[in-house]
Amino acid sequence: MNYPKLPKECTSLLCKYLTPQVFDALKDKKTSNGFTLEQTINSGVKNIDSGIGVYAGDEESYMTFSALFDPIIKEYHGFDTSDTHQSNLNPDDLNAPNPDPKGEYIVSTRIRVGRNVDAMPLGPAISKEQRDEVEARVVEGLSTLKGELAGSYTPLLGMSKEVQESLIKDHFLFKEGDRFLDAVGLNRNWPEGRGIYHNSDKTFLVWVNEEDQLRIISMQQGGDIKEVFTRLVTAIKSIESEVTFAYNDHLGYITSCPTNLGTAMRASVHIALPKLAKDMDAFKTITDKYHLQIRGIHGEHSQSEGGVYDISNRRRLGITEVEAVQDMYDGVVALIEAEKAL
Ligand code: ADP
Ligand code: CIR
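Residues numbered from 1 in each chain as written. Chains lettered and ligands numbered in written order. Predicted model: local features only at pLDDT ≥ 70, side-chain atom pairs only at ≥ 80, totals over all residues. Heavy atoms only, no water.

Chemist: Hey, could you run me through the domain arrangement of the chain in this one?
Modeler: When the parts of a complex come together, some accessible area is lost, and that lost area is often taken as the interface size. Once the domains are mapped, the chain shows domain 1 (13-77) and domain 2 (91-341). Placing the centre of domain 1 and that of domain 2 at their C-alpha centroids yields a distance of 24 Å. The partner domain 2 presents 27 residues to the 23 residues of domain 1 that form the contact. A buried area of about 2,100 Å², summed over both sides, lies between domain 1 and domain 2, and 59% of it is on carbon and sulfur atoms. Sorting the residues of domain 1 by area buried against domain 2 places Tyr55, Tyr76 and His77 first, and these three jointly supply 34% of that buried surface. On inspection of domain 1 and its partner domain 2, the count reaches one salt bridge. Applying the counting criterion to the domain 1 and domain 2 interface returns 13 residue pairs in polar contact (both at pLDDT 80 or more). In terms of residues, the side of domain 1 that touches domain 2 owes the most to one element, helix α5 (residues 66-77), which gives five residues. The residue inventory of the side of domain 1 that touches domain 2, partitioned by class, reads 11 nonpolar, eight polar and four charged. (Domains from an automatic or database assignment. Contact = heavy atoms within 4.5 Å. Buried area = accessible area lost by both parts, 1.4 Å probe. Salt bridge = Lys/Arg side-chain N within 4 Å of Asp/Glu carboxyl O. Polar contact = N/O pair within 3.5 Å; in protein donor to acceptor, adjacent residues only side chain to side chain. Helix = DSSP H or I, 4+ residues; strand = E, 2+ residues; numbered from the N terminus. Nonpolar A, V, L, I, M, F, W, Y, C, P; charged D, E, K, R; others polar.)

Chemist: What is the right way to look at helix α3 (residues 37-46) in this model?
Modeler: Side chains of residues three or four places apart in an α-helix project in the same direction, reflecting 3.6 residues per turn. Those residues of α3 that fall on the buried side of the exposure criterion are Leu37, Thr40, Ile41, Asn42, Ser43 and Gly44. Elements in contact with the buried residues of α3: α1 (13-17), α2 (20-26), α5 and α8 (179-182). (Buried < 20%, exposed > 50% of the residue type's maximum accessible area, 1.4 Å probe, protein only.)

Chemist: Just checking my understanding: could you explain the sheet that holds strand β8 (residues 265-272) for this structure?
Modeler: The pairing of strands in a sheet happens through backbone hydrogen bonds and is either parallel or antiparallel. Spatial strand order, β2-β3-β4-β5-β1-β8-β10-β9: eight strands in an open sheet with antiparallel pairing. Of all the strands in the sheet, just β2 (151-155) and β9 (292-295) have a single pairing partner and so form its edges. The mean inter-strand angle of the sheet, taken between neighbouring strand axes irrespective of direction, is 20°. Pairing geometry for β8 and strand β10 (residues 308-313), over five bridges, is antiparallel. Within β10, the position partnered with Ile271 by the bridge is Tyr309. Helix α11 (residues 321-341) contacts β1 (106-115), β8, β9 and β10 of the sheet and is inclined by roughly 15° relative to β8. (Pairing = 2+ DSSP bridges. Axes fitted to C-alpha atoms, helices over the stretch in contact; angles between N-to-C directions.)

Chemist: What is the right way to look at the site of ligand 2 in this model?
Modeler: In the vicinity of ligand 2, the contacting residues are Ser50, Gly51, Ile52, Gly53, Tyr55, Phe180, Glu211, Cys257, Thr259, Asn260, Glu300 and His301. Gly53 places a main-chain nitrogen or oxygen 3.0 Å from an oxygen atom of ligand 2. The contact in question runs from an oxygen atom of ligand 2 to an N or O atom on the side chain of Asn260, over 3.4 Å. The residue inventory of the shell around ligand 2, partitioned by class, reads four nonpolar, six polar and two charged. Among the domains, domain 1 (13-77) and domain 2 (91-341) are the pair contributing at least three residues each to the shell around ligand 2. (Near = heavy atom within 4 Å.)

Listed below in structure tokens is the structure:
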């Protein structure tokens, strides 16, 4: 493999950190699952508009290709190679009274974590047999959930297009055919091995074998962020008693995208900020101050509709889960104040 063509206008972290020297040092390396540098960078090479542009095929990728991953992790999370990661899932430590009890701004709240099964390759390097085994083990673990978390699993294979599209439109199900995931092999054998578990209210959901092997999700209408977090923590603990997840003391929970390492948590609100959105510089000054990311309302790489944005914590590694949600909460309070003042 030769050094890839990366156009000057490319702003991804891949383009920033894949220097010819780094490329030469890594180009012949592979992990014990056979994951190569070419696979690690293919998404960002094929999708020049990537924000990041790299994925890991297994936990080992983060070590084997550390000359590329470490500076990306440092820039995205502000996390150094000598730092350690710590978890705190105690809802009592979260200071988050509903910032919008009248429901004027916050449409809905969602908090998800990514998880992958210990001692399995991640999605980009997994075989079809291993992926099917992950699905079977996860579905068996989920079948033990009780009370509010009790629900059922629907495989994507055999789901009607109408049901699939309506679940996607209503923000419950992952999209199909994502080009960023496609280029790293995450869509191989689609739709086999993929599916969604949810309770009857769709306040608790688990995505199986999308970007990560599990995406554990708690969501509901309105701005009761603490309630959403508390439900998620109960679910994580219950599932963790059935399935062991890939975790390491330095990088926390291991995920296929380096932006998700650590807590693997993205806490978001869909929030109407039509006035603030007319001044994107002022909007971004607040989101930068609170380490927030702005997305459109149909997920990453989508656009806002009607002045409603998806606002979430940007950092996930080197901070605890409580701090990740607190980042989002404090920022949302500041955004609502700014909107009110206009
Ligand atoms: P992820 O959160 O898994 O990183 P996406 O940005 O693709 O991925 O979002 C996944 C789905 O979750 C999308 O349909 C998105 O609209 C929905 N979503 C995210 N945040 C919220 C929210 N606060 N309320 C309702 N739906 C949400
Ligand atoms: C990109 O580089 O834009 C995509 N590969 C997505 C990166 C971040 N996404 C994520 O954490 N899910």
